[in-house]
Amino acid sequence: MAYGSALVDSITSSGNLSVSGNLTGITNITGTANVITSQGVLRPLLSTTPVATTSGTTVNLATNLPSWVKRLTVVFASVGITTTTVLPLIQLGYGLAPTFVTTGYNSTSDNFTSTPGPVTIATNGFVIGSAGATYWYLTYMICNIAGTNIWVGSTTGATPSTVLLGGGTVTLTDTLTAVRLFISSSSFSSGSAYVLYE
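Reading guide: rules and limits
- Residues numbered from 1 in each chain as written.
- Predicted model: local features only at pLDDT ≥ 70, side-chain atom pairs only at ≥ 80, totals over all residues.
- Heavy atoms only, no water.
- Salt bridge = Lys/Arg side-chain N within 4 Å of Asp/Glu carboxyl O.
- Helix = DSSP H or I, 4+ residues; strand = E, 2+ residues; numbered from the N terminus.
- Buried < 20%, exposed > 50% of the residue type's maximum accessible area, 1.4 Å probe, protein only.
- Core = buried A, V, L, I, M, F, W, Y, C linked by side-chain atoms within 4.5 Å.
- Contact = heavy atoms within 4.5 Å.
- Polar contact = N/O pair within 3.5 Å; in protein donor to acceptor, adjacent residues only side chain to side chain.

Undergrad: So what about the pattern of salt bridges? Which residues, and what values?
TA: For the structure on display, the rule yields one salt bridge. For the salt bridge of glutamate 198 with arginine 71, the shortest nitrogen-to-oxygen distance reads 3.0 Å. Placement of glutamate 198 in the segment after strand 19 (188-197) and of arginine 71 in strand 9 (residues 71-81) is noted, with a sequence separation of 127 residues between them. In this structure glutamate 198 comes out as partly exposed when scored by relative accessible area, which is 28%.

Given below as structure tokens:
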């Protein structure tokens, strides 16, 4: 059966469609099934619902991520804290509960204007910024190293007067399912955050 320049090879009883050639001139492909190519499964870029970061020390951004996630981006939209002496962290979790990993990170971050400031080092999460900043616009991308539970991240962003750079890595003991923001003291005070995942 021809469709555009493609040839439909077969449609199985379970609804699987096998196509030879290119699908051209198609506006939408709708449905709930996966699109599988010779390079793997095509999946859309998905987003969690933005969560207010206006109070508390912990903000859960995602607690039920699908097992196929290989890259996530945490988006900060004017996320604020009430003091400049502690910094927020991104922590990853696994399992249905989930269990958040609070040790074993190798993370650094720095805010600077014309010259770099003091580098902040953290082992309890992907650290955001360095002392002196109280709110941020940024994206923090965290990627999976294929075939492992190792996750590597990097960030760029800004405060009202500085540029932010950072990065880090952590190894989970099971498949990633969750992401949260955490601050050890003080509290979140403004803004929102969410996770893009693919």
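Undergrad: Can you tell me about the nonpolar core, naming the residues and giving the values?
TA: What tends to happen in soluble globular proteins is that the nonpolar side chains get buried as a cluster. With 38 residues, the main nonpolar core has Leu72, Val74, Phe76, Ile90, Leu92 and Leu181 as its most contacted residues. For this core, the element with the most residues is strand 9, which contributes five residues. What leucine 92 contacts, discounting residues up to four positions off in sequence, is Thr99, Phe100, Val101, Tyr105, Phe126, Ile142, Trp151, Val170, Leu172, Leu176, Ala178 and Val179.

Undergrad: Tell me what's going on with the environment of valine 195, and back it up with residues and numbers.
TA: Mapped onto the fold, valine 195 is located in strand 19. Along the backbone, valine 195 and valine 179 are 16 residues apart, and their C-alpha atoms lie at a distance of 8.1 Å. Non-local contacts of valine 195, meaning those with residues more than four positions away in its chain, are made with Leu46, Ser47, Thr48, Leu61, Leu72, Thr73, Val74 and Val179.

Undergrad: Tell me about the side chain of asparagine 144, and name the residues and values.
TA: Its place among the elements puts asparagine 144 in strand 15 (residues 135-144). Separated by 3.0 Å, the side chain of asparagine 144 and the backbone oxygen of threonine 148 make a polar contact. Among the polar contacts made by the side chain of asparagine 144, one reaches the main-chain carbonyl oxygen of isoleucine 150 at a distance of 3.3 Å.

Worth remembering: the numbers are spatial, not functional.
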